[in-house]
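Single-letter residue listing:
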Amino acid sequence: MEFDALIIGGGVAGMQCALVLGSAKNKEFAKLKSIGLIAHQKSSHLQNALFNNVLGLEPETLGKNILENGKKQISSLYPHISLIENEKVISIEENKEGYTIVSNKKTYFSKIVVIALNYSKPFTIKGLENYLEPHQKANPQKDRIQLKNSDHFIKEGLYVCGTIAGHRSQFAIAAGSGAAVATDILMLWNNGIHVKVHDKV
């Protein structure tokens, strides 16, 4: 299966990135783009989270409900996004046209890959070991990790968002990080012209 953009990680950052990419479907530069989301959520920190301090979320919203509702939102609003569940990525390898992504079930190809996993050890995806470093904004005693990047950009065709990009573990920060990466990708698809996507009443 081939994609123009494949997001790895179904937490806050990954799903927000997918939603922004999906919302550009009527733009001329994005309407033919193939987008995928590998939403392996078992290790997401949302599984046991409770939210009272996020704008727009009802107090006492459960993270596990956000995980489920987020997938439903993507599927219902943007069915052109391939939602891939129950797969875990094993390796990522660069090739001439992009990246080969191998999961425990299938092999995918994508021109752009977005890593949107959490910042916990162990990091088990082969091919990215050289980019691992200690997390710069987490308690050193927790031994968190991040991928080396410059404003979410690792290298051509490879992005990172959320806590593993070096951000603190706050819902709004992770969501904003995912949205930022999505708009960077949309700008790339739009021949370098800055892009923002808003729906209006």
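Just above sits the structure.
Procedures and definitions
Residues take numbers from 1 onward in each chain, read along the sequence in its written order. Note on the predicted model: pLDDT of at least 70 is required for a residue's local features to be given, and 80 or more for side-chain atom pairs to be given and counted; whole-chain, interface and lining totals, by contrast, use all residues. Computation of side-chain values: all heavy atoms of the structure, hydrogens and water removed. A 1.4 Å probe rolled over the protein chains alone gives each residue an accessible area, and that area as a share of the maximum for its type sets the label: buried under 20%, exposed over 50%, partly exposed in between. A run of H or I in DSSP counts as a helix once it spans at least four residues, and a run of E counts as a strand once it spans at least two, with each numbered from the N terminus. When DSSP finds at least two bridges between two strands, those strands are taken to pair. The span expected for a helix works out to 1.5 Å for each residue beyond the first. Contacts were defined at the residue level, with two residues in contact if any of their heavy atoms lie within 4.5 Å. Think of a salt bridge as a Lys or Arg side-chain nitrogen and an Asp or Glu carboxyl oxygen that are within 4 Å of each other. Between the rings of Phe, Tyr and Trp (Trp by its six-membered ring), a pair exists once the centres lie within 6.5 Å; its type follows the angle of the planes, with under 30 degrees stacked, over 60 edge-to-face, and the other angles tilted.

Summarising burial for strand β8 (residues 107–115): seven of the nine residues are buried, a large majority. Direction of pairing for strand β1 (residues 2–8) relative to β8: parallel, over a ladder of six bridges. What sits directly across from Ile-8, in β8, is Ile-115. Direction of pairing for strand β7 (residues 98–103) relative to β8: antiparallel, over a ladder of four bridges. In the sheet register, Thr-100 faces β8, and the bridge partner there is Phe-109. Examined bridge by bridge, β8 and strand β12 (residues 158–160) share three bridges and lie parallel to one another.

All right, on to helix α1 (residues 12–23) then. Since the α-helix packs 3.6 residues into each turn, any two residues three or four apart lie on the same face. Spanning 12 residues, α1 covers 16 Å between terminal C-alpha atoms, matching the ideal 16 Å at 1.5 Å per step. The complete set of buried residues in α1 reads Val-12, Ala-13, Gly-14, Met-15, Cys-17, Ala-18, Leu-19, Val-20, Leu-21, Gly-22 and Ser-23. Against β1, β2 (35–38), α2 (63–77), β5 (81–84), β8 and α3 (171–189) lie the buried residues of α1.

The final tally for this structure, using the stated rule, is six salt bridges. We note a salt bridge from Asp-4 to Lys-111, for which the minimum N-O separation is 3.5 Å. Pair noted here: Asp-4 is in strand β1 and Lys-111 is in strand β8, with a separation of 107 residues, a long-range link. Of the residues examined, Asp-4 reaches a relative accessible area of 11% and is grouped as buried. Bridged by salt links that share partners, the residues Glu-68, Lys-71 and Glu-85 form one connected network.

Another aspect to go through is the packing of aromatic side chains. The tally for this structure, following the rule as stated, stands at three aromatic pairs. Centre to centre, the rings of Phe-51 and Phe-171 are 5.0 Å apart; their planes meet at 70°, and the pair counts as edge-to-face. Taken together, the positions of Phe-51 in strand β3 (residues 50–51) and Phe-171 in helix α3 put the pair 120 residues apart, joining distant regions of the chain. Grouping residues by exposure puts Phe-51 and Phe-171 together as buried. When the ring of Phe-153 is compared with that of Tyr-159, the centres are 5.6 Å apart and the planes differ by 75°; the resulting orientation is edge-to-face. Judged by its relative accessible area of 7%, Tyr-159 falls in the buried class.

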